[in-house]
Amino acid sequence: MTTSSLIALGASRCAALRHAVLRGTSYPVTSKSLALYIALALGFSVLGGCAHTPPPPEGDAGQERAITAEAETEIRRADTTLYTALGGKPVIDDVVNDFLYRIADDERIRHFFVNTDIDHFQVTFATQLCDISNGPCDYQGPSMARAHQHMGLTEVHFNAIVEHLRAALIEKGVSAGPRNQLLGRLARLHDAVMLRQP
Amino acid sequence: MRRARTQARSRRLPANQRPRAKHRHLTLSCIPASLTVLVLAALLSAPAAQAGSRLLATGGVTQIEGAAGGGLSPWAVLAGTASDGEISTTASITQAQVDDYSLGMAGVAGNFYNRLEVSLARQRFDLDTLGGRLEQDIFGAKLRLYGDPLYNTWGSWSLGVQRKRMVDGDLANALGARDTQGTDIYLATSKLWFAAMGGRNLLTNLTLRSTRANQGGLLGFGGDEKSARSLVVEGSLGLMLAPSWVVGVEYRQKPDNLGVAAESHWRDVYVAHFFNKHVSLTGAWLDLGDIAGLADQQGGYLSLQVAL
Ligand code: HEM
Ligand code: HEM
């Protein structure tokens, strides 16, 4: 078909339609579409509203305290049933055990742990998970920034840890809800863990 | 699926006998042979081999203009799963079929250090009812400005450009388009909300685009009704429903520059499946509204992506 017949067809089909439906509705950023944009943006900011405000810029130690404090208050504010939903101590211990095997199998990250007392790490990490999921534990070890300082961690390593933990949670039968909630809480520790990397 | 792939492969073997530009519908035979082989290799390879270290699916899929995103809209995430110090590449083919048109797209993208994405795409738009074919090449670049969709409160923010050039602009000119090439500029943000809906993760994307393109550029740039740039909004949601499955909706606002060919906003509902870090398949139901004078174009969309 030729160009002119296309246009003819287009024009005839269009004329009626444009008047009936399209006039005034398909212009970008009309009041209607603007409303949609505002609604979307509002949706964003409401969702964002439950997240924290940026930490005050007061140096490394201050920043660390701020990040930790803010992560903790946020976690405390959340519900107290995550620990139970995860399956309590037996499941967390299983998950951590499985997680350690996955780390040991991953040459991208296993070298970080060569000088680590794995039994100690297993206990503190499990305590951390219990604490962060509002379980009956109190993690008293070093802050996340201190525990990982100057290790030379990159996003690659952090992603690997998240991926292994996710796989371990799936392997041990933790369902999507509590699994994603726990991962979401750990994701918030990202800035603290990565604070003092060279 | 498997049969289609084998067919596509065997059909290509006598390279010089390949039916060229003859058939009006883009079929799987348009896949470069290399892609077919890549898919097979990727499906068979060990799940984690060679892929970048970002989590499964965090590069989204390939949108219709070649950038990492959903089906219609580019997202702030960059192609593939490359992270610090890593490079990943993706190749994809897409076929969309609505009432009176079909659109085929083949594209490649590279992601450097999860900072810069560069993409190249060719679109082929067949006017099944009216007759004729329109083609356009799109060169894209996307720079991640800030953040991470998982680890940052404010998600990830990226700035992108899409340089588009029509292969043959006669039809667009005849419809009243001012130019046959143009550049879109967009700002996109993506954020993942853990356990947001029924315990599932929800991905939200918002894209603000400055463009003169008519039907994404397939009908040229600017027109008799408006020649200047328009600021349009695109949004999408993706819910991670079950391991390796995501479902979502998208909305893409469009300018309306041509007097003779009213243009509508685009919408779709999609399902994507990630076989592993290398291969994903996305299906969608499209509602593209009016295109070049034909009303109410709806239909299906299928897109295959291979990532290395
Ligand atoms: C959300 C992410 C992370 C959490 C919640 C976490 C938690 C912990 C905890 C609780 C400890 C024990 C601290 C102590 O008692 O001394 C620890 C130590 C350690 N973490 Fe992490 N960690 C995270 C990310 C990472 C990453 C990405 C790596 C590297 C791949 C890593 C490597 C280590 C190592 C090697 C130690 C032992 C340090 C030593 O030998 O004393 N961690 N981590
Ligand atoms: C089209 C895009 C995407 C698809 C198809 C997809 C798919 C999936 C699927 C199927 C899961 C597993 C859910 C489960 O185990 O219950 C998952 C998990 C996850 N996704 Fe996505 N995803 C996409 C985009 C993203 C993006 C852009 C991000 C972040 C940038 C992201 C972050 C995550 C995270 C952190 C998890 C782990 C939590 C979990 O176990 O569910 N995803 N994704």
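For clarity, every value in this text was computed on a predicted model and none was experimentally measured.

J.: Quick question: what am I supposed to make of the coordination of the iron atom of ligand 2 here?
T.: Four donors placed tetrahedrally about a metal ideally form angles of 109.5 degrees, and six donors placed octahedrally ideally form angles of 90 or 180 degrees. For the iron atom of ligand 2, the protein contributes exactly one donor atom, Met240 of chain B (SD), at 2.6 Å. With respect to the helices and strands, the residue Met240 of chain B is situated in strand β10 (residues 230-242).

J.: What should I look at first to understand the packing of aromatic side chains in this one?
T.: Given two aromatic rings, their pairing is described by the distance between the two centres and the angle made by the two planes. Applying the stated criterion across every chain yields a total of 5 aromatic pairs over all chains. Ring geometry for Phe99 of chain A versus Phe125 of chain A: centroids 4.9 Å apart, planes at 15°, classification stacked. Taken as a pair, Phe99 of chain A in helix α5 (residues 88-104) and Phe125 of chain A in helix α6 (residues 118-132) lie far apart in primary sequence, 26 residues in all. Between Phe113 of chain A and Phe121 of chain A, the ring centres sit 5.3 Å apart and the planes meet at 65°, which makes this aromatic pair edge-to-face. Across the pair, Phe121 of chain A and Phe113 of chain A agree in class, each one buried. Connected via pairs of aromatic rings, a cluster forms that spans Phe99, Phe113, Phe121 and Phe125 of chain A. The cationic tip of Lys191 of chain B hangs over the ring face of Trp193 of chain B; the distance from NZ or CZ to the ring centre is 5.3 Å.

J.: Sorry if this is basic, but what is going on with the state of the cysteines here?
T.: Note on terminology: a disulfide is the covalent bond linking the sulfur atoms of two cysteines. Residues and elements named next belong to chain A. Counted by the stated rule, this structure contains 1 disulfide over all chains. With its sulfur 1.8 Å from that of its partner, Cys130 forms a disulfide with Cys137. Between Cys130 and Cys137, the S-S dihedral sits near 85°, and the bridge is therefore right-handed. With a relative accessible area of 3%, Cys130 lands in the buried category. Using a relative accessible area of 26% as the deciding quantity, one classes Cys137 as partly exposed.

J.: Please explain the pairing of strand β4 (residues 101-112) of chain B as it appears in this structure.
T.: Two faces belong to every sheet, and in a regular strand the side chains alternate between them. All names here are of chain B. Among the 12 residues in β4, 9 count as buried, and that is most of the element. As paired strands, strand β3 (residues 87-98) and β4 are joined by 11 bridges and run antiparallel to one another. Within β4, the residue paired with Ile87 across the bridge is Phe112. Both β4 and strand β5 (residues 116-127) contribute to a ladder of 12 bridges, which runs antiparallel. Opposite Gly104, over in β5, you have Arg124 as the bridge partner. Between β4 and β5, which pair antiparallel one after the other, the connecting turn spans 3 residues, and Tyr113 there sits at a positive phi close to 60°.

J.: Before we go on, may I ask you to explain the site of ligand 1 in this structure?
T.: Residue and element names in this part refer to chain A. As a structural note, the neighbourhood of ligand 1 is formed by 21 residues, with Phe112, Thr116, Phe121, His148 and Ile161 the closest of them. Within the side chain of Thr116, one N or O atom sits 2.8 Å away from an oxygen atom of ligand 1. At 3.4 Å, a side-chain N or O of His120 approaches an oxygen atom of ligand 1. Those elements giving two or more residues to the shell around ligand 1 turn out to be α6, α7 (144-147) and α8 (155-171).

J.: Looking at this structure, I do not really get the side chain of Gln162 of chain B. What am I missing?
T.: All names here are of chain B. Mapping Gln162 onto the fold places it in strand β7 (residues 156-166). Look at Gln162 and you get buried, because its relative accessible area is 1%. Only 3.2 Å separates the side chain of Gln162 from the side chain of Gln63, close enough to count as a polar contact. In contact with Gln162, other than residues within four places in its own chain, are Gln63, Glu65, Ala67, Ile138, Phe139, Gly140, Gly182, Thr183, Asp184, Tyr186 and Arg209.

J.: Help me understand the sheet that holds β3 of chain B in this model?
T.: Paired through backbone hydrogen bonds, the strands of a sheet run either parallel or antiparallel to each other. Read around the closed barrel, 12 strands run β3-β4-β5-β6-β7-β8-β9-β10-β11-β12-β13-β14 (chain B), paired in antiparallel fashion. Across the sheet, the mean angle from the axis of one strand to that of its neighbour is 20°, orientation sign disregarded. In this sheet, strand β13 (residues 279-291) of chain B lies alongside strand β12 (residues 266-274) of chain B in antiparallel orientation, the contact comprising 8 bridges. Residue pairing for β13 of chain B: Tyr270 of chain B is matched across the bridge by Ala284 of chain B. Docked against the sheet, helix α9 (residues 176-187) of chain A engages β8 (181-197) and β9 (200-211) of chain B, running at close to 115° with respect to β8 of chain B.

J.: Just to check I follow, could you spell out the confidence of the model for chain B for this structure?
T.: Should the pLDDT be low somewhere, the predicted coordinates at that spot are not to be read in detail. Residue and element names in this part refer to chain B. Per-residue confidence for chain B gives a mean pLDDT of 84, with 83% of residues at or over 70. By mean pLDDT, the top-scoring element of chain B is β7 (96), and the lowest-scoring one is helix α1 (residues 2-12) (39). pLDDT under 50 marks residues 46-50. Its contacts with residues more than four places away, or in other chains, come to 6 contacts.

Definitions and limits used
- One numbering rule holds for all chains: residues counted from 1, following each sequence as written.
- A letter from A marks each chain and a number from 1 marks each ligand, given out in the order of writing.
- Where local features are concerned, this predicted model is filtered to residues with pLDDT of at least 70; where side-chain atom pairs are given and counted, the filter is 80 or more; whole-chain, interface and lining totals use all residues.
- Where side-chain values are given, they derive from all heavy atoms of the structure, hydrogens and water being excluded.
- Here the coordinating atoms are restricted to nitrogen, oxygen and sulfur within 2.8 Å of the metal centre, or 3.2 Å for Na, K and Ca, and because water is not among them the sites may look incomplete.
- Strands are runs of DSSP state E lasting at least 2 residues, helices are runs of H or I lasting at least 4, and numbering of each runs from the N terminus.
- Here the aromatic set is Phe, Tyr and Trp, taking the six-membered ring for Trp, and pairing holds for ring centres within 6.5 Å; pairs whose planes are under 30 degrees apart are stacked, those over 60 apart are edge-to-face, and all others are tilted.
- Only protein chains enter the accessibility calculation, which uses a 1.4 Å probe; a residue whose area is less than 20% of its type maximum is buried, one above 50% is exposed, and one in between is partly exposed.
- A ring is scored as having a charge over it whenever the NZ atom of a lysine or the CZ atom of an arginine sits within 6 Å of its centre and within 35 degrees of its normal.
- Note that a disulfide, as used here, is simply two cysteine sulfur atoms within 2.5 Å.
- Pairing between strands is defined by DSSP: at least two bridges between the two strands are required.
- Summary of the distance rule: residues count as near a molecule or strand when at least one heavy atom falls within 4 Å of that molecule or strand.
- Polar contact is defined as a pair of N or O atoms within 3.5 Å, subject to the rule that within protein one atom must be able to donate a hydrogen and the other to accept it, and that residues adjacent in sequence are counted only when both atoms are side-chain atoms.
- Residue contacts follow a heavy-atom distance rule, with two residues in contact if any of their heavy atoms lie within 4.5 Å.
- Every axis corresponds to a line fitted to the C-alpha atoms, with the helix fit spanning only the stretch in contact, and the corresponding angles, defined between N-to-C directions, vary from 0 to 180 degrees.
- Residue-level confidence of the predictor is summarised by pLDDT, bounded by 0 at the bottom and 100 at the top.

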